[in-house]
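Working through the structure, step by step
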Amino acid sequence: MASVAGVGVDEGMIAPGAAEELAGPAHAELSATRPVARGERISSMDVLRGFSLMGILVMNICEFAYGFRNYAYPLSTVKPVFDGLHWKINTTVWFLRWIFAEGKMRALFSMLFGAGVILLTERALARGAGIKAADIFTRRNIWLVLIGMIHGYLIWDGDILFYYGVAALLFLFPFRNVRVKRLMWTAGVILFLNSVLMMGGQYGSAYSAKQAAAKANAKLAQHQTLTEDEIGDLKKWQSTQDRWRAPDKKKYEDIAAMQKGYLKAQGHVAGNVLMGELKGAYFGFGDWVGLMLLGMALYKNGFLPGRLSLKTYAWIAVIGLGVGWAVTGVGAWKAWAGHFDMFKTLIWMQAPYDIGRIAGALGNAALLLILLKTGVFKWLLARIASVGQMALSNYLLTSITMKTIFVWGAWHWYGYVEYYKIYYAVLGMWIFNMAFSSIWLRYFEFGPMEWVWRSLTYWKRQPMRIRAVAPAPVVADATV
């Protein structure tokens, strides 16, 4: 699932193809509320966003192909993943998914979203926008919420835009002037509490259901009559187990509902969107807001803008990736070796989840910034930057493409594709994202949806055709 809000860096790093900022150029003759010009974009931020946007499909493809039940642990697929003819390659792919990508991509997205709040307000206020900066911020995120709702109900029930927009409207703006240390402490406390609540909720609920069912079964073994509450306890435990590993009947019912055309398929998952927006935004805000506040701090201390030394980024990359890969890898191994027992899996994979994903996200970002500073893979990074510059367009395009391939199209592949083969679609989408974005940006200032979003935010039709500007390399700040 992906964020599309803007982030940015210091003025010394400005180049075409960077984060999608909200504020415009700092020139006195231009309006204080004018959107950012193309020549002011910051390439390093676009690379980070493009990388994350493409990487997050590594996780989301499981939901596109099999439904949310199989997003993290594909235990309810028609074609078994961890046994059968292709179990070795399937298991290897699953391990790689968890170790290198799970949680780490969305964590970086959330950090960049938070950093964008600082950039927006700083640039707008520097141009004398005053209270209009808050007006722009509010309108932009109101439209993001609306776009997210449309995306969720009409395209894909795994939408994240709604939640990001709500988090921005309710929590982020007041934190823009908070100092770095306080932001980090606040983010740490929120993330810790969120991790405890989420882990406690999942494990505690399953454990209590199992214990209650055990008591009811003990009475049955003694031929005693069960009360209505005890019968309910048995049903609750069975439902908990079915959510973990769905019986065949539920597997095929879900697949059948998703293969009856667009309206039937969207209606089948509409309840997921509704419950997510009613409950997810309330119970899950600690996840997004905590990472967004961390992103604000990492923007202010120079990490995300690329202002730190190569040595510092090297240490962050080594430690971050080492910790992230080790924590996630050990957890995945324990879960797999334990045959994905519900409680063992929750302990080994969910309990240390935040440690693995945050460390991995920081390590990924540091490694990318090292490549930018040293000029390695410049051609590839330029294409990734173009994807980041058109993040909203590519996010929605990816959802439409994947839903067409697996659900809406004539192939009816939903639920039936071998696990490792779904990643062919990921590779194809990556290639298309980079090619489409690079070609589009030769002729247009913004991606198509970026243009719509900006026009709605400023309530004025924005120029679409590209302006003549001198080309600039896609590099980060060379200061080390």
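Computed from a predicted structure; not experimentally measured. (Residues numbered from 1 in each chain as written. Predicted model: local features only at pLDDT ≥ 70, side-chain atom pairs only at ≥ 80, totals over all residues. Heavy atoms only, no water.)

Attention shifts here to empty space enclosed by the protein. This model, assessed by the stated rule, comprises 4 cavities of 30 Å³ or more. Roughly 100 Å³ of volume is contained in the largest cavity. Taken together, 14 residues line the largest cavity, and the ones lying closest to its centre are L53, I56, L57, Y395 and T398. For the lining of the largest cavity, the secondary structure elements donating two or more residues are α1 (43-66), α15 (391-408) and α16 (422-440). Considered class by class, the residues forming the lining of the largest cavity number 10 nonpolar, 4 polar and no charged. (1 Å grid on protein atoms, 1.4 Å probe; cavity = no way out; pocket = protein on both sides within 12 Å on 5 of 7 lines; lining within 4 Å. Points joined across faces, edges and corners; volume = space filled by probe spheres on them. Helix = DSSP H or I, 4+ residues; strand = E, 2+ residues; numbered from the N terminus. Nonpolar A, V, L, I, M, F, W, Y, C, P; charged D, E, K, R; others polar.)

Judged by nonpolar contacts, the single largest core of 124 residues is most densely connected at I61, W94, L304, F406 and I422. Among the elements that line this core, the one with the most residues is α1, at 14 residues. Leaving out residues up to four positions away in the same chain, I61 has contacts with M402, F406, I422, Y423, A425 and V426. (Core = buried A, V, L, I, M, F, W, Y, C linked by side-chain atoms within 4.5 Å. Buried < 20%, exposed > 50% of the residue type's maximum accessible area, 1.4 Å probe, protein only. Contact = heavy atoms within 4.5 Å.)

The backbone of H339 sits at a positive phi, close to 55°, despite the residue not being glycine. For H339, the position within the fold is in the loop between α11 (310-337) and α12 (342-350).

Take the UniProt feature "transmembrane region" (unreviewed entry) in the protein next. Taken from the UniProt record, the annotation "transmembrane region" (unreviewed entry) applies to residues 47-68, 107-125, 137-154, 183-203, 312-335, 355-372, 392-411 and 423-444. Spanning residues 107-125, this segment combines 100% helix with 0% strand, and its end C-alpha atoms are found 28 Å apart. Secondary structure over residues 137-154 splits into 100% helix and 0% strand, and the C-alpha atoms at its two ends are 26 Å apart. (UniProt positions renumbered as here; feature names shortened; annotations may be inferred.)

Before going further, it helps to examine the side chain of T91. Along the chain, T91 turns up in helix α2 (residues 87-100). For T91, a relative accessible area of 5% gives the class buried. A polar contact of 2.6 Å, which involves the side chain of T91, links it to the backbone oxygen of W87. Those residues in contact with T91 that lie beyond four places of it in its chain are V81, F82 and W336. (Polar contact = N/O pair within 3.5 Å; in protein donor to acceptor, adjacent residues only side chain to side chain.)

Our next topic: the packing of helix α3 (residues 104-126) against helix α5 (residues 161-172). For the pair α3 and α5, the least separation of the axes is 12 Å and the interaxial angle reads 45°. It follows from the interaxial angle that α3 and α5 lie oblique. By crossing handedness, the relation of α3 to α5 is classed as right-handed. Across from R106, F109, S110, F113 and V117 in α3, the residues of α5 making contact are Y164, A168 and L172. (Axes fitted to C-alpha atoms, helices over the stretch in contact; angles between N-to-C directions. Parallel < 35°, antiparallel > 145°, perpendicular 65-115°, else oblique. Left-handed = near helix turned anticlockwise from the far one by under 90°.)

Attention now goes to helix α8 (residues 248-257). Looking at α8, one finds that the buried residues are K251, I255 and A257. Buried residues in α8, looked at end-on, bunch into an arc of 165°, giving them a common side. (Arc of directions from axis to C-beta.)

Per the stated rule, a full pass over the model turns up 9 salt bridges. The salt bridge involving D287 is made with R106; its shortest N-O contact spans 3.2 Å. Of this pair, D287 sits in helix α10 (residues 285-300) while R106 is found in helix α3, placing the two residues 181 residues apart along the sequence. Note that D354 is salt-bridged to R357, the shortest N-O span being 2.6 Å. With D354 and R357 both in helix α13 (residues 353-374) and 3 residues apart, this pair spans about one turn of that helix. Exposure remark for D354: the relative accessible area of 11% places this residue in the buried category. The exposure class of R357 is buried, given its relative accessible area of 1%. Each of R106, D287, D354 and R357 takes part in salt bridges that share partners, so that together they form one network. (Salt bridge = Lys/Arg side-chain N within 4 Å of Asp/Glu carboxyl O.)

A few words on the layout of surface pockets. Here the second largest pocket is characterised by a volume of approximately 550 Å³. Lining of the second largest pocket is provided by 22 residues; of these, F51, G55, V58, M105 and W430 occupy positions nearest its centre. Put simply, the parts of the chain that give the lining of the second largest pocket at least two residues each are α1, α2, α13, α14 (378-389) and α16. Within the lining of the second largest pocket, the residues separate by chemical class into 19 nonpolar, 2 polar and 1 charged.

Attention shifts here to the packing of aromatic side chains. Applying the stated criterion across every chain yields a total of 33 aromatic pairs. Joined through ring pairs, the aromatic side chains of Y73, F82, W94, F95, W98, W244, W333, W336, F340 and Y353 make up one cluster. The ring of Y71 carries the charged tip of R97 above its face, separated from the ring centre by 5.1 Å. The ring of F444 has R465 lying over it, and the distance from NZ or CZ to the ring centre is 5.2 Å. (Phe/Tyr/Trp six-rings, centres within 6.5 Å; stacked < 30°, edge-to-face > 60°. Lys NZ or Arg CZ within 6 Å of the ring centre and 35° of its normal.)

A surface patch of nonpolar side chains, about 560 Å² in accessible area, is lined by L146, M149, I150, L154, Y262 and L263. Looking at the nonpolar patch, the elements with two or more residues in it are α4 (132-154) and α9 (262-283). Top element by residues in the nonpolar patch is α4. It accounts for 4 residues. Topologically, Y262 is positioned in helix α9. (Patch = residues over 30% accessible without salt bridge, like charges linked within 9 Å, V, L, I, M, F, W, Y side chains within 5 Å. Areas by Shrake-Rupley, 256 points an atom, 1.4 Å probe, with all protein chains shown as cover.)

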